[in-house]
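Below are the chains, spelled out letter by letter.
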Amino acid sequence: GNEEIQSANEELMTSKEEMQSLNEELITVNNEYQIKNDELSQINDDMKNLLDSTNIATIFLDNNLCIKRFTPRVNAFVNLIPSDIGRPITDIVLNLKYENLPADVSEVMAKLETKELQVQTMKGQWYIVRIMPYRTADNYINGSVITFSEVTALKELEENLQAARRYSESIVETVRGPLIILNLDLKVISANPSFYKLFKISPREVQGQLFFSLGGGEWNIPKLRTMIAKVFRKNKVFSDYVVEHDFSGIGVKKMLLNARRIVSENKDTDMILLAIEDITERE
């Protein structure tokens, strides 16, 4: 009995050593898991701060169009709270004039192509909505990402520029004498009806064309090229410059040319205004 007890005691000691070794392995594995967990937590914090710092409203959806995550900026046009995570996007009321969001998300996930469009909120703000497939590291599609970038200021600027352009075009069109507007590449931006009528040419033949190539090169006059170059490079102005030329379809014309550079805040969008006065009959 003594020997059996001694043998059992040795077996227990062996088991204790094995348990001790297993416990040490578990502690090592637990430490590794803790390190991985800290790294994942750090990555999660980095991603959250990155998304918040971009100031772009973002919603992450799963394959069933349920909300997985969102950034605080989303609350500019929809009131989302943490308990909304897991709810379908179709159950959320978005204050956007955009009813096709769920259908567009499904289309993006089916075609795996990014979709971008401009939408307006009920309060009149403008956003660029970009819908993209959510790809995992192993290129698996696991939902979609929707970003909302506010462009209200740009939209207002665009509308103001369009209004200013319409205003300037209406002024140009009401001027009785021929006018033509060139960009800094000396290509025609537009001309008024008097120009088309005098030279018997259509807008299709003029707009976007190099000024000196109009009419088969009729305006390619060396002296005139030099004068316009001074307007372009040195912001010079010339007035009552006389041009006499035999234009195809209308015959010999004698004209007074006046040109000046129209300066804008962005120098790349400066233009040259060229006014033409037909003095043939007066001469």
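Being a predicted model, the structure only gives us computed values, none of them experimental.

Draft legend 1. Just the sheet that holds strand E10 (residues 271-278), in detail. If you trace the 5 strands from one edge of the open sheet to the other, you get E7-E6-E10-E9-E8, paired in antiparallel fashion. The open sheet is flanked by strand E7 (188-191) and strand E8 (238-247), the only strands paired with a single partner. Going from strand to strand, the sheet's axes swing by 25° on average, the running direction of each strand aside. Pairing analysis gives 8 bridges linking strand E9 (residues 251-262) to E10, with the strands arranged antiparallel. Bridge assignment links Leu-257 to a residue of E10, and that residue is Ile-276.

Draft legend 2. Expanded view of the pairing of E7. Relative to E7, strand E6 (residues 179-183) is paired through 3 bridges, and the arrangement is antiparallel. For Leu-182, the partnering residue across the bridge sits in E7 and is Val-188. Linkage of E6 to E7, two consecutive antiparallel strands, is achieved through a turn of 4 residues, within which Leu-186 is found at a positive phi near 60°.

Draft legend 3. Geometry of a nonpolar patch on the surface. Together, Met-19, Leu-22 and Leu-26 make up an exposed nonpolar region whose accessible area comes to about 310 Å². You can see Leu-26 is positioned in helix H1 (residues 2-53).

Draft legend 4. Structural detail: the environment of Glu-107. Inspection of the secondary structure assignment puts Glu-107 in helix H2 (residues 101-111). Put simply, Glu-107 and Ile-131 are 24 residues apart on the chain and 9.8 Å apart in space, counted from C-alpha to C-alpha. Sequence-distant contacts of Glu-107, defined by excluding residues within four places in its chain, comprise Leu-112 and Lys-115.

Draft legend 5. Representation of the pairing of E10 within the structure. Inspection of the sheet shows E6 paired to E10 by 5 bridges, in the antiparallel sense. If you follow Ile-181 over to E10, its bridge partner there is Leu-273.

Draft legend 6. Main features of the nonpolar core. Phe-195 and Trp-219 are the most contacted members of the largest nonpolar core, which totals 31 residues. Going through the elements one at a time, E6, E7, helix H4 (193-199), helix H6 (222-234), E8, E9 and E10 are the ones with two or more residues in this core. The residues touching Trp-219, leaving out its near neighbours within four places in the chain, are Phe-195, Phe-199, Phe-211, Phe-212, Leu-214, Leu-224, Phe-247, Met-255, Leu-257 and Ile-276. Counting 25 residues, the second-largest nonpolar core is a separate cluster that includes Val-74, Val-78, Val-105 and Met-109.

Draft legend 7. Expanded view of unusual backbone geometry. Phi is positive for Leu-65, close to 65°, though the residue is something other than glycine. Looking at Leu-65, the relative accessible area reads 14%, which means it is buried. We note that Leu-112 has phi near 55°; this positive angle belongs to a residue other than glycine. Here Leu-112 is to be found in the loop between H2 and strand E3 (115-120). Using a relative accessible area of 37% as the deciding quantity, one classes Leu-112 as partly exposed.

Draft legend 8. Expanded view of a positive patch on the surface. On the surface, a cluster of positive charge is made up of Lys-223, Lys-230, Arg-233, Lys-234 and Lys-236. Its place among the elements puts Lys-236 in the loop between H6 and E8.

Cut-off values and rules
- Residues numbered from 1 in each chain as written.
- Predicted model: local features only at pLDDT ≥ 70, side-chain atom pairs only at ≥ 80, totals over all residues.
- Heavy atoms only, no water.
- Pairing = 2+ DSSP bridges.
- Helix = DSSP H or I, 4+ residues; strand = E, 2+ residues; numbered from the N terminus.
- Axes fitted to C-alpha atoms, helices over the stretch in contact; angles between N-to-C directions.
- Patch = residues over 30% accessible without salt bridge, like charges linked within 9 Å, V, L, I, M, F, W, Y side chains within 5 Å.
- Areas by Shrake-Rupley, 256 points an atom, 1.4 Å probe, with all protein chains shown as cover.
- Salt bridge = Lys/Arg side-chain N within 4 Å of Asp/Glu carboxyl O.
- Contact = heavy atoms within 4.5 Å.
- Core = buried A, V, L, I, M, F, W, Y, C linked by side-chain atoms within 4.5 Å.
- Buried < 20%, exposed > 50% of the residue type's maximum accessible area, 1.4 Å probe, protein only.
- Lys, Arg positive; Asp, Glu negative; His and termini not counted.
- Charge placed at Lys NZ, Arg CZ, Asp CG, Glu CD.

These figures come from the coordinates and say nothing about function on their own.
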